[in-house]
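The residues making up each chain are set out below.
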Amino acid sequence: MEVFILITFKAHLYTEDKMLKFYPLLLILLLNSCATGSNISGLGTTTLRFIGDKAFPIETTFNGIPFGGISGISYDPKTDSLLGVSDDRSSRAPARFYEFKLIIEPSFVDLKILKSTVLKSANGRSFPKGEVDFEALSFVSNNRVVISSEGDNRPSPRIAPWLAIFNRDGSYSNWIDLPDRFLPEHKGEMTKGPRNNLSFESVGVTRDFSYLFTATEDTLFQDGDLATSSNPGVIRILRYKEKNSTYSFDAEFPYKLEAVPTKEKGQVTRGHNGLVDILPFNKRYFLTMERAWVPEERKQTIKIFKVSIEKDTTRLFDVGSLKDGNYSVVKKELVADLDDFVPLLTDGKKKLDNMEAMTFGPKLPNGNHTLLIMSDDNFNKRQRTLLLAFELLK
């Protein structure tokens, strides 16, 4: 009986607008079956309804510059526009973010590029080639944005990851300090900090701008092994509090990643899984997006979780290493596996891509918020910049 209820709910919820009026009844049935969605105490149940998708043509250009590499997005309700930062390391053009016109309706989404803005360092100049790797973006107060740079552990001296605030015109505004344990040594043997290309892929700010969250994509060097098919891996969630036009470190919490998914139990894979974005409701509750890549299957697995900081969640503060396992992680529950929505994608290429960016979008006429998820095409002709739009149902 539960299986029948779940199938009925999905079919009506995701494919037929005329069935929208049956949401309350179907949602009650779904809650009773406990089969789908997330129900962390204090936030109620959250499920997603697919609205639509938009894919940019391969090799799209804007003002003569290759468009792509969108790694972080944030919606601006004041202008009804979307900002997206590119992870182009000033290789094809100076490091920049884009502004998009977002068009979203209950069963339709579209995105149009309006402009690009070059980001400037504290000296007022654009960033030199290879110096930055921008990965996440979120609006903060006074029409500014916070952006993370992942750094680069390959050169000597290493380029450390960092967080900074920029004005809407791309000029530098404020620095955000990272605890020393998140910064690798400048040279020589590495004993702490994030592994290369597994640093601050995420940043999210509460709607009132009071708190900022970020996390490394995978386990810090001093905290243990990376996530594998047999080892889920543990990362640290950082929380900052707004203070004097910037953000100061507030708290730190352990977060358990999912193990890399495999077709068969015990299967060994060269794959990877990590946290690629974070989206806070408030100082205690937030959404996360985990992305897994299994090269043997050439497949991305994208999952959205609802997370809560509980009373028994360990406050890490000055904990030097997590190898001993003596801690309690935040609570998380699955909201959606995006594989479930692949059949609903626009005909032509029904598959997920390198989904990496997530933001709350505008409200729909019924008052529900939207959730927007976007992919980074890595400037690769075999990939694409793909936007997915969902309605958040509670």
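In the block above lies the structure referred to throughout.
Each residue is numbered by its place in its chain's sequence as written, counting from 1. Totals for whole chains, interfaces and linings use every residue, but because this is a predicted model, local features are given only for residues with pLDDT of at least 70 and side-chain atom pairs only at 80 or more, for both listing and counting. The side-chain values count all of the structure's non-hydrogen atoms but skip hydrogen atoms and water molecules.

Peer 1: Any chance you could explain the overall build of the protein here in plain terms?
Peer 2: Under the DSSP-based scheme used, a helix requires at least four consecutive residues in state H or I and a strand at least two consecutive residues in state E, with every element numbered from the N terminus. Tallying secondary structure elements over the protein gives 2 helices and 22 strands in all. Three labels apply to residues, based on accessible area from a 1.4 Å probe with only protein chains included: buried if under 20% of the type maximum, exposed if over 50%, partly exposed otherwise in between. Taking all 394 residues of the protein together, the buried fraction comes to 55%. Residues count as neighbours in contact if any of their non-hydrogen atoms are within 4.5 Å of one another. The long-range share in the protein, meaning contacts at least 24 apart out of those at least 6 apart in sequence, stands at 60%. Here the Shrake-Rupley method, with its probe set to 1.4 Å, supplies the accessible areas, and only the displayed protein chains count as covering residues. Accessible area for the protein stands at about 17,000 Å²; split by element, carbon and sulfur atoms hold 51% of it.

Peer 1: Explain the side chain of Asn273 to me, please; I cannot follow it from the model alone.
Peer 2: Positionally, Asn273 belongs in strand S16 (residues 272-280). Among the polar contacts made by the side chain of Asn273, one reaches the main-chain carbonyl oxygen of Glu258 at a distance of 2.9 Å. N or O atoms within 3.5 Å of each other form a polar contact, as long as, within protein, one can give a hydrogen and the other can take it, and as long as residues adjacent in sequence are counted only when both atoms are side-chain atoms. A distance of 3.4 Å separates the side chain of Asn273 from the backbone nitrogen of Ala292, its partner in a polar contact. For Asn273, the residues in contact, after removing those within four places along its chain, are Asp218, Ala227, Leu257, Glu258, Val260, Glu290, Arg291 and Ala292.

Peer 1: Quick question: what am I supposed to make of the sheet that holds strand S21 (residues 369-375) here?
Peer 2: Strand order in the open sheet made by the 4 strands is S1-S22-S21-S20, with antiparallel pairing throughout. In this open sheet, the two edge strands, each paired with only one partner strand, are strand S1 (47-55) and strand S20 (355-363). Averaged over all pairs of adjacent strands, the angle between their axes in this sheet comes to 25 degrees, without regard to strand direction. When S1 meets strand S22 (residues 386-393), the two strands line up antiparallel, connected through 8 bridges. Considered in S22, the bridge of Thr47 is made with Leu393. Paired strands, as defined in this entry, are two strands with at least two bridges between them according to DSSP. The convention used is that axes are lines fitted to C-alpha atoms, helices contributing only their stretch in contact, and that angles between N-to-C directions extend from 0 to 180 degrees.

Peer 1: Explanation requested: the pattern of salt bridges in the structure shown.
Peer 2: Opposite charge on two side chains permits pairing when their charged atoms draw close. Salt bridge, as used here, is a side-chain nitrogen of Lys or Arg placed within 4 Å of a carboxyl oxygen of Asp or Glu. One pass over the full model with this rule turns up 26 salt bridges. Lys381 is paired through a salt bridge with Glu59; the nearest N and O atoms lie 3.5 Å apart. One end of the pair, Lys381, is in the loop between S21 and S22; the other, Glu59, is in the loop between S1 and strand S2 (61-62), with 322 residues separating them in the sequence. Residues Lys381 and Glu59 agree in their burial class; the two are exposed. Three or more residues joined by partner-sharing salt bridges are found here, namely Arg181, Asp223, Arg236, Glu252 and Asp318.

Peer 1: What exactly am I supposed to notice about the sheet that holds strand S11 (residues 172-176) here?
Peer 2: In a beta sheet, neighbouring strands pair by backbone hydrogen bonds and run either parallel or antiparallel. What the 4 strands build is an open sheet, ordered S8-S9-S10-S11; its pairing is antiparallel. Two strands bound the open sheet, and with one partner strand each, they are strand S8 (134-140) and S11. Geometrically, the sheet is characterised by an average inter-axis angle of 25 degrees between neighbouring strands, direction not taken into account. In this structure, strand S10 (residues 162-167) lies alongside S11, joined through 4 bridges in antiparallel fashion. Note on S11: the bridge partner recorded for Ile165 is Asn174.

Peer 1: In this structure, what is going on with the pairing of strand S13 (residues 211-216)? I would like to understand it.
Peer 2: As a general feature of sheets, a regular strand has side chains that alternate between the two faces. The element S13 is largely enclosed, with a buried count of 6 among its 6 residues. Where burial is concerned, the two faces of S13 agree: the one with Tyr211, Phe213 and Ala215 and the one with Leu212, Thr214 and Thr216 are both buried. As judged from the 5 bridges shared by strand S12 (residues 200-205) and S13, these two strands associate in the antiparallel manner. From the neighbouring strand, Ser202 faces S13, where its bridge partner is Ala215. As consecutive antiparallel partners, S12 and S13 are separated by 5 residues, and within that stretch Phe209 has a phi angle of approximately 70 degrees, a positive value. The sheet contact formed by S13 and strand S14 (residues 234-243) spans 5 bridges and is antiparallel. Paired with Tyr211 across the strands is Lys241, a residue of S14.

Peer 1: What is the right way to read the nonpolar core from this model?
Peer 2: Across soluble globular proteins, nonpolar side chains have a tendency to be buried as a group. Nine residue types can take part in a nonpolar core, namely buried Ala, Val, Leu, Ile, Met, Phe, Trp, Tyr and Cys, and a core is a set of them joined through side-chain atoms within 4.5 Å. Counting residues in hydrophobic clusters, the biggest one holds 26 residues, and the most contacted among them are Leu338, Leu371, Ile373, Leu388 and Phe390. No other element matches the 4 residues that S22 contributes to this core. Setting aside residues up to four positions removed in sequence, Leu388 forms contacts with Phe50, Gly52, Asp53, Leu338, Leu345, Leu352, Met355, Leu371, Leu372 and Ile373.

Peer 1: I'm lost on the environment of Val268 in this one. Help?
Peer 2: Among the secondary structure elements, Val268 is positioned in the loop between strand S15 (246-256) and S16. Between the alpha carbons of Val268 and Thr228 there is a distance of 8.5 Å; along the sequence they are 40 residues apart.

Peer 1: Mind showing me how you'd approach the pairing of S16 here?
Peer 2: With respect to burial, S16 is a largely interior element, 9 of its 9 residues being buried. Pairing analysis gives 8 bridges linking S16 to strand S17 (residues 285-294), with the strands arranged antiparallel. Residue pairing for S17: Leu279 is matched across the bridge by Leu287. Between S16 and S17, which pair antiparallel and follow one another directly, the connecting turn spans 4 residues.

Peer 1: Could you clarify how one ought to interpret the packing of aromatic side chains in this entry?
Peer 2: Side-chain rings of Phe, Tyr and Trp (the six-membered ring for Trp) are treated as a pair once their centres are within 6.5 Å; stacked means planes under 30 degrees apart, edge-to-face means over 60, and tilted covers the remaining angles. Inspection of every chain in the model, using the stated rule, returns 21 aromatic pairs. Look at Tyr98 and Phe100: their rings are 6.3 Å apart centre to centre, the planes differ by 35 degrees, and that puts the pair in the tilted class. Looking at Phe100, the relative accessible area reads 0%, which means it is buried. In textbook terms, an aromatic cluster arises when at least three aromatic residues are bridged by ring pairs, as seen for Phe127, Phe134, Trp162, Phe166, Tyr172 and Trp175. We note Arg92 situated over the ring of Phe379; from NZ or CZ to the ring centre the distance is 3.9 Å. Geometrically, a lysine NZ or arginine CZ counts as sitting over a ring once it is within 6 Å of the ring centre and also within 35 degrees of the ring normal.

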